[in-house]
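An overview of the molecular structure
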Amino acid sequence: MADDSKPVYLRLREIIAASILDGEFHDGDMLPSVRALAAQQGANPLTVAKAYQCFQDDGLVVVKRGVGMFVADGATRRLRDMERARFMDAVWPPVAEQIRRLGISAADLGVERV
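Notes on the structure in this doc start here. (Residues numbered from 1 in each chain as written. Predicted model: local features only at pLDDT ≥ 70, side-chain atom pairs only at ≥ 80, totals over all residues. Heavy atoms only, no water.)

1. Considering the pattern of salt bridges
Close approach of charged atoms allows side chains of opposite charge to pair. Counted under the stated rule, the structure contains 7 salt bridges. Of the charged contacts in the structure, one is a salt bridge between Asp81 and Arg77, with a shortest N-O distance of 3.8 Å. Taken together, the residues Asp81 and Arg77, both in helix H4 (residues 75–102) and 4 residues apart, mark about one turn of the helix. Counted as one network, the salt bridges with shared partners bring together Arg13, Asp58, Glu83 and Arg86. (Salt bridge = Lys/Arg side-chain N within 4 Å of Asp/Glu carboxyl O. Helix = DSSP H or I, 4+ residues; strand = E, 2+ residues; numbered from the N terminus.)

2. Brief notes about the packing of helix H1 (residues 8–21) against helix H3 (residues 45–57)
Across the interface, H1 lies against H3 with an axial gap of 8 Å and an inter-helix angle of 55°. By the angle between their directions, the pair H1 and H3 is classed as oblique. Like other packed secondary-structure pairs, H1 and H3 cross with a definite hand, here right-handed. In contact with Val8, Tyr9, Leu12, Arg13, Ile16 and Ala17 of H1, H3 contributes Thr47, Val48, Lys50, Ala51, Tyr52, Cys54 and Phe55. Here the residues of the contact of H1 with H3 sort into 10 nonpolar, 1 polar and 2 charged. (Axes fitted to C-alpha atoms, helices over the stretch in contact; angles between N-to-C directions. Parallel < 35°, antiparallel > 145°, perpendicular 65-115°, else oblique. Left-handed = near helix turned anticlockwise from the far one by under 90°. Contact = heavy atoms within 4.5 Å. Nonpolar A, V, L, I, M, F, W, Y, C, P; charged D, E, K, R; others polar.)

3. A short note on the nonpolar core
Ile16, Leu31, Val48, Tyr52 and Phe55 are the most contacted members of the largest nonpolar core, which has 20 residues in total. Where this core is concerned, the elements lending two or more residues are H1, helix H2 (34–41), H3, strand S2 (68–71) and H4. For Tyr52, the residues in contact, after removing those within four places along its chain, are Ile16, Leu31, Pro32, Ser33, Val34, Leu37, Val61 and Met69. (Core = buried A, V, L, I, M, F, W, Y, C linked by side-chain atoms within 4.5 Å. Buried < 20%, exposed > 50% of the residue type's maximum accessible area, 1.4 Å probe, protein only.)

4. Here we look at the environment of Gly103
Note that Gly103 resides in the loop between H4 and helix H5 (106–109). Gly103 gets classed as exposed once you look at its relative accessible area, which sits at 58%. Remark: the alpha-carbon pair of Gly103 and Phe55, spanning 48 residues in sequence, is separated by 39 Å.

5. Structural notes on H4
For H4, spanning 28 residues, the distance from its first C-alpha to its last is 38 Å, which sits close to the expected 40 Å at 1.5 Å a residue. Along its length, H4 reaches its greatest deviation from straightness, about 50°, at Trp92, and the proline Pro93 lies no more than four positions downstream. For H4, every residue scored as buried is listed here: Ala75, Thr76, Leu79, Glu83 and Ile99. Contacts made by the buried residues of H4 are with H1, H3, S2 and H5. (Expected span 1.5 Å × (residues − 1). Bend = angle between axes of the 7 residues up to and from the residue.)

In structure tokens form, the structure reads like this:
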């Protein structure tokens, strides 16, 4: 979900994260260059570089000088764990509260109990 109130580099980070989690890029795969992603997303290359820097700071991508940027080994699992924790801490609580408030059941949501 795009959130226009977020800074562009964070929205780009979400796009990159989704691409990794959705399997478009696997551990070891080369990511698009800063310029290529900037052109594709209609963003400033410096903003794309900032988004990539977030991944680099988290150890999720590695830079091979003169070659490009690559998804780090184990990054998909670590990213999934990070995003799952963020979802459970920040996203789910208000959603669960709204579900409770509106009296929505698991059946209403099409969710089966395990």
